[in-house]
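What the coordinates show
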Protein chains: 2
Amino acid sequence: MTVSRTAEKSSEKPADAGKGRKDAGEVQTEALQLGELSEQLGYVLKRAQLKVFENFLRCMASLQLTPAQFSVLLLVEKNPGRNQTEIASTLGILRPNFVAMLDNLESRDLCARIRSTNDRRSHILVLTDKGKAVLARAKKLVATKHEARLNDLLGQANREALIGMLSKIANEF
Amino acid sequence: MTVSRTAEKSSEKPADAGKGRKDAGEVQTEALQLGELSEQLGYVLKRAQLKVFENFLRCMASLQLTPAQFSVLLLVEKNPGRNQTEIASTLGILRPNFVAMLDNLESRDLCARIRSTNDRRSHILVLTDKGKAVLARAKKLVATKHEARLNDLLGQANREALIGMLSKIANEF
DNA sequence: GATATTTGATATGGTCCATAACAATTATCA
DNA sequence: TGATAATTGTTATGGACCATATCAAATATC
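As the structure is a computational prediction, the values presented were derived from the model and not from experiment. (Residues numbered from 1 in each chain as written. Chains lettered and ligands numbered in written order. Predicted model: local features only at pLDDT ≥ 70, side-chain atom pairs only at ≥ 80, totals over all residues. Heavy atoms only, no water.)

1. Some points on the overall build of chain A
For clarity, the cut-off: For the purposes of this entry, the term helix denotes a DSSP run of H or I that reaches at least four residues, the term strand denotes a run of E that reaches at least two, and both are numbered from the N terminus. Should any heavy atoms of two residues lie within 4.5 Å, those residues are counted as being in contact. To measure how exposed things are, a 1.4 Å probe is used in the Shrake-Rupley method; for residues, cover is taken only from the protein chains shown.
A count of helical and extended segments in chain A gives six helices and two strands. Ordering the α and β elements of chain A from the N terminus gives α-α-α-α-β-β-α-α. Within chain A, counting contacts between residues at least 6 apart in sequence, those at least 24 apart form 51% of the total. Element-wise, carbon and sulfur atoms account for 49% of the exposed surface of chain A, whose accessible area totals about 8900 Å².

What follows is the structure, given as structure tokens:
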């Protein structure tokens, strides 16, 4: 709906579009009023999500893992022996779109597709040793550089409350 | 990263991928364990955002307004006389991408571009009478069918706390 | 054993986001 | 003043993500 996301380059920083008020003897237009927008759930939710993803990508730059890829590795680690359909649908990823994603992870030797002996249509997914190692490092980066930032910003109790409310929305809205 | 969004058709409902456990005498594979995923800020944030947008679109079906379009109308109403660059950048929309969006709103007679007399490069944005009327109806729909749902789900106090925390993340993360 | 279903895959189109480049206009400043 | 730079809206274009239809191989169903 609203913002950019690359996190790297210029893009479009929202906030005060009228720049920084008065710097020198410039006329400088007044900053825009957000008004009711700042109370709109969808608006603030989307903005927060973009900021969080942006930060996630920065934290993961050394491992080159996107949020989606991280979630796949996490889920495969927790549920070894599942096939593509099961992993994809649990994450809300459509099977056709999951193919290229797995191609990527497999080409980087982070996970592997194994033909199931029970059902030779299925590809069982497992993490490779490298995949496990990378995921372990990713978890540490996320914990120390990403999630920790929430505690600094909101405090432990609020952080937990936030996650709880978002989960509730995700599941019951 | 994760889910779908159309809200209308089939798509891919996340949650329990192993369907509903045991219905009849089917073998039915076990439900997958989300594990640490359910504590990941980005994951739960994205999921909540998709659900909220989905619900927003349903509530606005009669007016055919997307969250982005709604935010534009809100901002133009609150800040009449601003040009495209100012409105777009405040919303984090890149100017090239704002053109088609305005073409749409203008073709529906919801807002209008007016050549500025001060700076003939600029297009001043204003809501048409129809735009004001539609926005008024949109606000009511959002308040009664969308935002009200948050109160039912979280309660007034929690709802305000949530908005506050998301704003903080959006601005300070 | 014929038919239907499931799985992974391909092809394809839509939407959103980002960059480069352009003409018209305005600002800068030598 | 006049040459140059910057700004505004716009177009063209490519990438990322999402969704649907369709397919062959394998399995399930009857």
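2. What about the environment of B:Asp109?
All names here are of chain B. Put simply, the rule reads: Exposure is judged per residue with a 1.4 Å probe applied to protein chains only, and the accessible area is read against the type maximum: over 50% gives exposed, under 20% gives buried, and values in between give partly exposed.
Among the secondary structure elements, Asp109 is positioned in the loop between helix H4 (95-107) and strand S1 (111-115). Residue classification places Asp109 among the partly exposed residues on the basis of a relative accessible area of 40%. Spatially, the C-alpha atom of Asp109 lies 6.6 Å from that of Thr128, the residues being 19 residues apart in sequence. Those residues in contact with Asp109, other than ones at most four positions away along the chain, are Thr128, Lys130 and Gly131.

3. Comments concerning the interface of chain A and chain B
Note the threshold: Summed over both partners, the accessible area (1.4 Å probe) lost when two parts come together is defined as the buried area. We count a salt bridge whenever a side-chain nitrogen from Lys or Arg sits within 4 Å of a carboxyl oxygen from Asp or Glu. Contacts described as polar in this section are N or O atom pairs within 3.5 Å, which, within protein, must combine one atom able to donate a hydrogen with one able to accept it, while residues neighboring in sequence count only if both atoms come from side chains. By the convention adopted, Pro, Cys, Tyr, Trp, Phe, Met, Ile, Leu, Val and Ala count as nonpolar, Lys, Arg, Asp and Glu as charged, and the other residues, Gly among them, as polar.
Listed per partner, the contact involves 75 residues of chain A and 75 residues of chain B. For the pair chain A and chain B, the two sides together bury roughly 7000 Å², of which 67% comes from carbon and sulfur. Seen at the junction of chain A and chain B, the total is two salt bridges. Here B:Glu36 and A:Lys139 are joined by a salt bridge, their closest N and O atoms 2.8 Å apart. Scanning the region where chain A abuts chain B turns up eight residue pairs in polar contact (both at pLDDT 80 or more). Among the elements of the structure, helix H1 (41-59), helix H2 (67-78), helix H3 (84-90), helix H5 (129-154) and helix H6 (156-172) of chain A are those that each provide at least two residues to the side of chain A that touches chain B. Looking at side-chain class alone, the side of chain A that touches chain B contains 36 nonpolar, 20 polar and 19 charged residues.

4. Details of the relation of the copies chain A and chain B
This is how it is decided: Our superposition of the copies is a least-squares fit, built on the C-alpha atoms of residues whose pLDDT is at least 70 in both.
Between chain A and chain B, the superposition needs a rotation of 180° and an axial shift of 0.0 Å, giving an RMSD of 0.0 Å. Classification of the inter-copy transformation places it as that of a two-fold axis. In terms of proximity to the rotation axis, the leading residue of chain A is A:Leu162, whose C-alpha is 3.3 Å off the axis. A high fraction, 100%, of the interface residues of chain A reappear at the interface in chain B, so the copies pair face to face through one surface.

5. A few points about the pattern of salt bridges
Under the defined criterion, the tally for this structure stands at 16 salt bridges over all chains. For the salt bridge of B:Arg82 with B:Glu86, the shortest nitrogen-to-oxygen distance reads 3.1 Å. With respect to burial, B:Arg82 and B:Glu86 carry one shared label: buried. In this structure, B:Glu147 and B:Arg159 form a salt bridge, with 3.6 Å as the shortest nitrogen-oxygen distance. With a gap of twelve residues between them, B:Glu147 in helix H5 (residues 129-154) and B:Arg159 in helix H6 (residues 156-172) connect regions that are remote in the sequence. Each of A:Glu36, B:Glu77 and B:Lys139 takes part in salt bridges that share partners, so that together they form one network.

6. Structural notes on the packing of aromatic side chains
Each pair of aromatic rings is reported with the distance of its centres and the angle of its planes. As a reminder of what qualifies: Aromatic pairing here means that ring centres of Phe, Tyr or Trp (its six-membered ring) are within 6.5 Å. Orientation follows from the plane angle: under 30 degrees is stacked, over 60 is edge-to-face, and everything else is tilted. Put simply, a charge is over a ring when the Lys NZ or the Arg CZ is close to the ring centre, within 6 Å, and near the line of the ring normal, within 35 degrees.
In this structure the tally under the stated criterion is two aromatic pairs over all chains. Aromatic pair B:Phe56 and B:Phe70: ring centres 5.5 Å apart, planes at 55°, arrangement tilted. Here B:Phe70 lies in helix H2 (residues 67-78) and B:Phe56 lies in helix H1 (residues 41-59), a separation of 14 residues in the sequence. Comparing B:Phe56 with B:Phe70 shows no difference in burial state: the two are buried. Its end group placed over the ring of A:Phe173, B:Arg149 keeps NZ or CZ at 5.0 Å from the ring centre.

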